[in-house]
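Summary of structural features
As a plain string of letters, each chain reads:
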Amino acid sequence: YRHHLCHVASTYYPSRFKNALCLSLDGVGEYETGMIVGGKNGNLKVLSSENLYPNSLGLAYSAITFFLGWNHHCDEGIIMGLAPFGNSKNIIPKTKKSYISIFRKIIKETGDFSYEVDPFYLNYYDQRDKWVSENFIKIFGKKRKYGDQINQNHKDIAAALQDRLEEIVIKQLEKAKKKFNFENLCLAGGVSLNCSMNGKILDKKIFKKIFITPASGDDGCAIGAGYLAYKKKNKKIKVKENQSFYLGSRFSSNDVKKTIIKNKVKYFKPKNLYSETAQYLAKGKIIAWFQDGAEFGPRALGNRSILCKPYPKEMRDYLNKRVKFREVFRPFAPAVLERYQKNYFNINQQSPHMLMACKVKSNKKEMIPAVVHVDNSCRVQTVNSKLNKKFNNLLEAF
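Here we summarise the structure given alongside this text. (Residues numbered from 1 in each chain as written. Predicted model: local features only at pLDDT ≥ 70, side-chain atom pairs only at ≥ 80, totals over all residues. Heavy atoms only, no water.)

This paragraph deals with a nonpolar patch on the surface. A grouping of Phe251, Val256 and Phe290 is seen on the molecular surface, where their side chains present a nonpolar patch of about 270 Å² in accessible area. Its location among the elements puts Val256 in helix H9 (residues 253-262). Given a relative accessible area of 32%, Val256 falls into the partly exposed group. (Patch = residues over 30% accessible without salt bridge, like charges linked within 9 Å, V, L, I, M, F, W, Y side chains within 5 Å. Areas by Shrake-Rupley, 256 points an atom, 1.4 Å probe, with all protein chains shown as cover. Salt bridge = Lys/Arg side-chain N within 4 Å of Asp/Glu carboxyl O. Helix = DSSP H or I, 4+ residues; strand = E, 2+ residues; numbered from the N terminus. Buried < 20%, exposed > 50% of the residue type's maximum accessible area, 1.4 Å probe, protein only.)

A full pass over the atoms with the stated rule returns twelve salt bridges. In this structure, Lys200 and Glu166 form a salt bridge, with 3.0 Å as the shortest nitrogen-oxygen distance. Taken together, the positions of Lys200 in helix H7 (residues 195-204) and Glu166 in helix H6 (residues 152-180) put the pair 34 residues apart, joining distant regions of the chain. The buried category is assigned to Glu166, whose relative accessible area is 7%. We note a salt bridge from Glu396 to Arg339, for which the minimum N-O separation is 2.8 Å. With Glu396 in helix H13 (residues 389-397) and Arg339 in the loop between strand E10 (335-337) and helix H12 (341-344), this pair connects stretches of sequence that are 57 residues apart. Note on Arg339: relative accessible area 52%, which makes it exposed.

Before going further, it helps to examine the packing of helix H2 (residues 57-67) against H6. The packing of two helices is summarised by the inter-axis angle and the distance between the axes. Contact geometry of H2 with H6 gives a least axis separation of 11 Å together with a crossing angle of 175 degrees. When the interaxial angle is binned, H2 and H6 end up roughly antiparallel. For the pair H2 and H6, the contacting residues are Leu57, Ala60, Tyr61, Ile64 and Phe67 in the first and Ile157, Leu161, Gln162, Leu165, Ile168 and Val169 in the second. (Axes fitted to C-alpha atoms, helices over the stretch in contact; angles between N-to-C directions. Parallel < 35°, antiparallel > 145°, perpendicular 65-115°, else oblique. Contact = heavy atoms within 4.5 Å.)

Shown next as structure tokens:
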């Protein structure tokens, strides 16, 4: 089954939307780098598949990730987190041009749903482990080495890349909505893990509702291929809501107890797991929360999660220094009971998979400062008892 059709199937069939526009974007499938598909009553129809390698939003993002000193096909989320610290309208040193003006040349729109990546700047297919051209280096300077100081130039490059990605994707979706007239949107492919972009799509209110599969990367192609094979064999397949992606390894209490005893770890079993854990959190302790099946996809969603309270602001640095050991500018995500989400965040739909960034309400920012990013955004996870009863119970207790 075609790579991008697998991506689309993985997000359309569990979405609950009988009719939806489906967009898949990533580095590259067989040769396609993206696909727009119409989902109607369980059937998929390819509406656009004109973007072919090497013209790829995913690979362009990977190229800049590598140039800025991180690992391509791995650390793209770091660049997304760095982008709000920059300003794409700033003028590039020793030039008269803004960062965004150059990135509009790097990734050019060539039609309603097509774009080109200019090899004058990005030639990732030309030489192994270089990704950018000498022309790019002349404009933006030398590649940053991991561990080097992050300067304003690096921040502005990240900002321009993120802004250009959002410009192109939002324009395409607006045109697709007008042309194909679907009310709802399903997203998949590695680029769909970009929660800042997803939040901007939500803010634009182009579509009534959005569903993003938590396994948007290539791991999700496995389940997408399963849906397509089932459809081929059975002809009829219903679009059925399935938000539960806790599909990984799970261990019984007995398994856990055996491992604890084997490793001679002190333990006790609380009478009320939720209230006792909430007390630890309230005291500022960091909790490793390990329950039921592991999450499918790259986000920890309340079954394999590291937890702490979202205040004071210093909790973020405390968590980072004690456990996470990641870049100081990277934000942590809030989990909120679904019925309270609108009290704290500007979001008008569920976000159970932590894949949409939204703005925090101005009167709540000081209450939860450890989870608010520099641009006042939060990568929120909404929680209810239907989807994750244990995590819901813990939040209730807290």
